[in-house]
Every structure is written in C-alpha cells, then in structure tokens.
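Okay, here's what each chain looks like letter by letter:
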Amino acid sequence: EKGNYRHYMQKEIFEQPTVVAQTLQSYVHRAQETVALPQIDFDLSTIKRVTIVACGTSFYAGMVAKYWFEQFARVPVDIDVASEFRYREPVLEDGGLALFISQSGETADTLAALRHCKQAGQTIGVVVNVPTSSMAREADLLLPTHAGPEIGVASTKAFTCQLAVLAALAAHLAVKKGHMSRDEEREVVGHLLEAPACLNAALDHDDDIASMAHLIAPARDVLYLGRGPDFPLALEGALKLKEISYIHAEGYASGEMKHGPIALIDDQVPVIVIAPSGPLFEKTVSNMEEVRARGGQIVLISDREGLDAAGEGCIATIEMPRVHPLIAPLVYAVPVQLLAYHTACVKGTDVDQPRNLAKSVTVE
Ligand code: F6R
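Counting restarts for each chain, with residues numbered from 1 along the sequence as it is written. For this predicted model, a pLDDT threshold of at least 70 governs which residues receive local features, and a threshold of 80 or more governs which side-chain atom pairs are given and counted, while totals over whole chains, interfaces and linings are taken from all residues. Values shown for side chains rest on all heavy atoms present in the structure; no hydrogens or waters enter the calculation.

A.B. asks: Would you explain the packing of helix H2 (residues 16-25) against helix H8 (residues 182-203) in this entry?
C.D. replies: Helix-helix packing is described using two parameters, namely the angle between the two axes and the distance between the axes. In this description, a line fitted to the C-alpha atoms serves as the axis of each element, helices being fitted only across the stretch in contact, and the angle between N-to-C directions of two axes falls anywhere from 0 to 180 degrees. A run of DSSP states H or I qualifies as a helix once it reaches four residues; a run of E qualifies as a strand once it reaches two. Both are numbered from the N-terminal end. The geometry of H2 relative to H8 is characterised by a closest axis approach of 8 Å and an angle of 175° between their N-to-C directions. The orientation of H2 relative to H8 falls into the category roughly antiparallel. Residues Gln16, Pro17, Val20, Ala21 and Leu24 of H2 form the contact with H8, whose own contacting residues are Leu192, Ala195, Pro196, Leu199, Asn200 and Leu203. Here the nonpolar group is Ala, Val, Leu, Ile, Met, Phe, Trp, Tyr, Cys and Pro; Asp, Glu, Lys and Arg are the charged ones; every other residue, Gly included, is treated as polar. Of the residues belonging to the contact of H2 with H8, the class tally is 9 nonpolar, 2 polar and no charged. Throughout, the term roughly parallel applies to angles under 35 degrees, roughly antiparallel to angles over 145, roughly perpendicular to angles from 65 to 115, and oblique to all others. Throughout, a contact is declared for two residues whenever any of their heavy atoms are within 4.5 Å.

A.B. asks: It is not clear to me how H2 should be interpreted in this structure. Could you clarify?
C.D. replies: For an α-helix, the turn length of 3.6 residues means that residues three or four places apart are oriented alike. Of the residues making up H2, those classed as buried are Gln16, Pro17, Val19, Val20, Thr23 and Leu24. Buried-residue contacts for H2 involve helix H1 (8-14), strand E1 (28-29), strand E7 (141-144), helix H7 (157-176), H8 and helix H13 (328-347). Exposed residues in this analysis have more than 50% of their type's maximum accessible area, buried residues have under 20%, and partly exposed residues fall in between, with area computed by a 1.4 Å probe over protein chains only.

A.B. asks: Please clarify how the nonpolar core should be interpreted in this entry.
C.D. replies: Soluble, globular proteins show a tendency: their nonpolar side chains are buried together. Ranked by size, the top nonpolar core spans 96 residues in total, and within it Val50, Trp68, Phe69, Leu192 and Tyr224 carry the most contacts. Here Leu192 is in contact with Leu24, Val28, Val35, Ala167, Ala168, Leu326 and Ile327, once residues within four sequence places are set aside. Counting 18 residues, the second-largest nonpolar core is a separate cluster that includes Leu223, Met257, Val269 and Val291. Here, the term nonpolar core denotes a set of buried Ala, Val, Leu, Ile, Met, Phe, Trp, Tyr and Cys residues that are joined through side-chain atoms within 4.5 Å.

A.B. asks: What exactly am I supposed to notice about the environment of Gln122 here?
C.D. replies: Following the sequence through the fold, Gln122 ends up in the loop between helix H5 (108-119) and strand E6 (123-128). Note on Gln122: relative accessible area 5%, which makes it buried. As a C-alpha pair, Gln122 and Leu97 span 25 residues in sequence and 5.8 Å in three-dimensional space. When near neighbours in sequence (up to four residues on either side) are disregarded, Gln122 contacts Leu92, Glu93, Gly96, Leu97, Ala98, Cys117 and Asp140. Here a polar contact is recorded for every N or O atom pair within 3.5 Å, except that within protein the pair must consist of a potential hydrogen donor and a potential acceptor, and residues adjacent in sequence are included only if both atoms are side-chain atoms. Of the polar contacts made by the side chain of Gln122, one reaches the backbone oxygen of Glu93; its length is 2.8 Å.

A.B. asks: I'm lost on the site of the ligand in this one. Help?
C.D. replies: Throughout, the term near means that a residue has one or more heavy atoms lying within 4 Å of the molecule or strand in question. For the ligand, the set of nearby residues contains 14 residues, the closest of which are Ser58, Ser102, Gln103, Thr107 and Glu243. Contact distances for the ligand include 3.1 Å between an oxygen atom and a backbone N or O atom of Val153. Measuring from an oxygen atom of the ligand, one finds a side-chain N or O atom of Glu243 at 2.3 Å. Contact with the protein chains removes 90% of the 410 Å² of surface that the ligand exposes when unbound. Mapped onto the shell around the ligand, the elements with two or more residues apiece are helix H3 (56-73) and helix H10 (231-245). Looking at the shell around the ligand residue by residue, the class counts come to 4 nonpolar, 8 polar and 2 charged. Using a 1.4 Å probe, the Shrake-Rupley method yields the accessible areas, and only the shown protein chains count as cover for residues.

A.B. asks: What should I look at first to understand the state of the cysteines in this one?
C.D. replies: Pairs of cysteine sulfur atoms within 2.5 Å are identified as disulfides in what follows. One pass over the structure, following the stated rule, counts 0 disulfides. Cys55 supplies the cysteine sulfur nearest to Cys117, a cysteine that is in no disulfide, at a spacing of 13 Å. Using a relative accessible area of 0% as the deciding quantity, one classes Cys117 as buried. Free of any disulfide, Cys198 has its nearest cysteine sulfur in Cys161, 15 Å distant.

A.B. asks: Looking at this structure, I do not really get the packing of aromatic side chains. What am I missing?
C.D. replies: Each aromatic ring pair is summarised here by two numbers: the centre-to-centre distance and the angle between the ring planes. We call Phe, Tyr and Trp rings a pair once their centres come within 6.5 Å, taking the six-membered ring for Trp, and we label the pair stacked below 30 degrees between planes, edge-to-face above 60, and tilted otherwise. Evaluation of the coordinates by the stated rule reveals 2 aromatic pairs. We call a charge positioned over a ring when the NZ of a Lys or the CZ of an Arg lies within 6 Å of the ring centre and within 35 degrees of the ring normal. Its guanidinium or amino end placed over the ring of Tyr246, Arg355 lies 3.7 Å from that ring's centre, counting from NZ or CZ.

The structure is reproduced here in structure tokens:
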C-alpha cells in the first residue's frame, strides 16, 4: 500500500498536490472563477464572529485561518485549543460561527467543545477529513477535506487540505460580507488553483532537504521562526520534528525572539526560518541577523528573491517557488514536513508510529 515509499508519512507528503487539487475541486468553480462551498444554501453573511477550536496540527491550520478570516472577511476570530476552550467559560454571542477542524473527526476534546457550542446556539462548522465521523454528523455546515485516509500518525496531507478549505471559506465569507469584489475573488481563485503546481515545485526539493537532515539530527534543540500567516508553520514545523524525531523543538513568532528565546541561541542550535519574500520579509531578516550575531545556525526557507537577499551565511537554504502570500502556508508546509521526515530517518525512529502517540485521540 506504501507503493515505492518507505513510510506512509512520506507517501502522504507526496500525495499533497493531488489531494489539495481534489479538495479544491469542491470549493472552487473553475469556469466561473468563484469560490463555492459544498453546502451553498447556507447564508454566511450574518456571521458576526468566528470561534475556531481544534488540537495539534489542526489547531495550527486554524491559526493560519484566523489571519485569513480577519484580513479578507474582516470578521473577528477567536481561537483556542479544545482542551483550554472547554474549561475557560468562553463568551459565545448570538450569530457566531463555531468552527471545528479535525482530521479524524473524533478527537475527544474537540468533539466535546463542539457539543458545548451547539448547546450555546452557535452555528457549527466542521472541517473534517473522515466523512463518517462524529463531528461530520453533528455539523450544520460540513466542509470536508478530501485528503483520503491518513495513516501516518504525524498529520501532513490533512493539514494542507484543511488550509485549502479554510482559504476558500475565508474568501467566501469575504464575498458574502461585501469585503471582496468579483475581481478580487477571481484573483484569489486563480491563486488557489496554482497551489497544486506550487506544491509539486516544493516537493522537487526533497533530495536537497534529505541531504541537509544530518545537520539537524544531532541537535538537542531546534527553533522555528515565522511571521504572520507563516508563524503557525513555525509551530507546525516544531511539532512535526518533535513528534517523529524526538528532538526538542519550539516555534516562535520571529519578533518574539528577542523577548526570551534568543537566550538559547548558540552554535549548537539550528534555527529554521520560514520567510517567503514579501512585506514581512525585511523584518524577519533583521531577526535572523540577531540570531546570526549569536552564532545561531540558520536554515532559511524562502524563494529565490529571499535567498538572494538573505541566504548568505546560512548553514543551508531551501528554495521554494515564488508564491502568492495566500498559498504560502500550504507550499511552505512541504519543506517543514520533509525536514522533520528526513531528520527522523537519519535518527532511525519509527516515523509512522512514533512512541507514545495515537492517530486519533479519543480520550480527554
Ligand atoms: C500532529 C498530529 C496531532 C493531531 C491532533 C488533532 O501531527 O497528528 O497533533 O493533529 O491530535 O487530531 P485531529 O485533527 O484528528 O482532531
């Protein structure tokens, strides 16, 4: 079933161009160049607030979505991990959309949070990969991802498919709320449809990434930095690395470095910087300088322009295609996943079945 791949995780990483395209097919009208949700009889124009709840990697997809919903649709977004949300007595006002993101659709804390929100009268949106799951059954607005079964414990293709759905939902919400013109919508659809080809271009760097994994494998600690919608990718990168290679890793917003974590930097600490060129790039470069001045070993993931501007002095660079900021989180997920994967392979850990972890967390 793994075909030519060594691990399910590797196979699933490489399936991403196909499954993201598959997912987009049900959220985008190719001919009309519009975004379209599968359940179009639902009026989102009255939604006043979105509350996002999820765990782990699905939570990071939700964090990216917060940037998009606020930027494009100008809807305020609250987001929390399910285990915190349930117990903090959240304020849920009428007219709110509570959005749950889950690969399995069975995660106990997320499901309990869903039921809580349902009782509180929220509209229940669910982005879920398993169509027969509990969460899918309890949704008012069901937004399936079409990633296919995900077997590797570390989530990969479900994440990028969640991002594809959430980007389409953000655009749809923006149109409904009158914050996105027909032309802008057309443009967004165009960029979304570029994602599968860009994911393929990112996967072309698999060999380069494999050959730099030996730089990461001996590390005790690894830091990941990102900004804006790419900040959650830093968190996701750190999570992937720790769960499959057992190396301690942390993700930080680039600008937070100087508020503490910079104390950890020395020449033993690889720092993975996720920084597509664009308006936030210069700021991140100055954070890189702070790291470099302390001997930090930087791996820069950027496009040609970014690498030309700031690649010098890095221990390694990973070149991504030049992409629109909207699809950057999808595309940059690939090198982050591959780096964790190859590092785990160098360390010889059980990639598909990491110790202490279960694919579906059905206990609280
Ligand atoms: C990370 C990972 C977990 C899950 C989390 C939520 O690679 O797999 O962090 O993302 O347990 O699971 P779902 O999405 O099934 O609710």
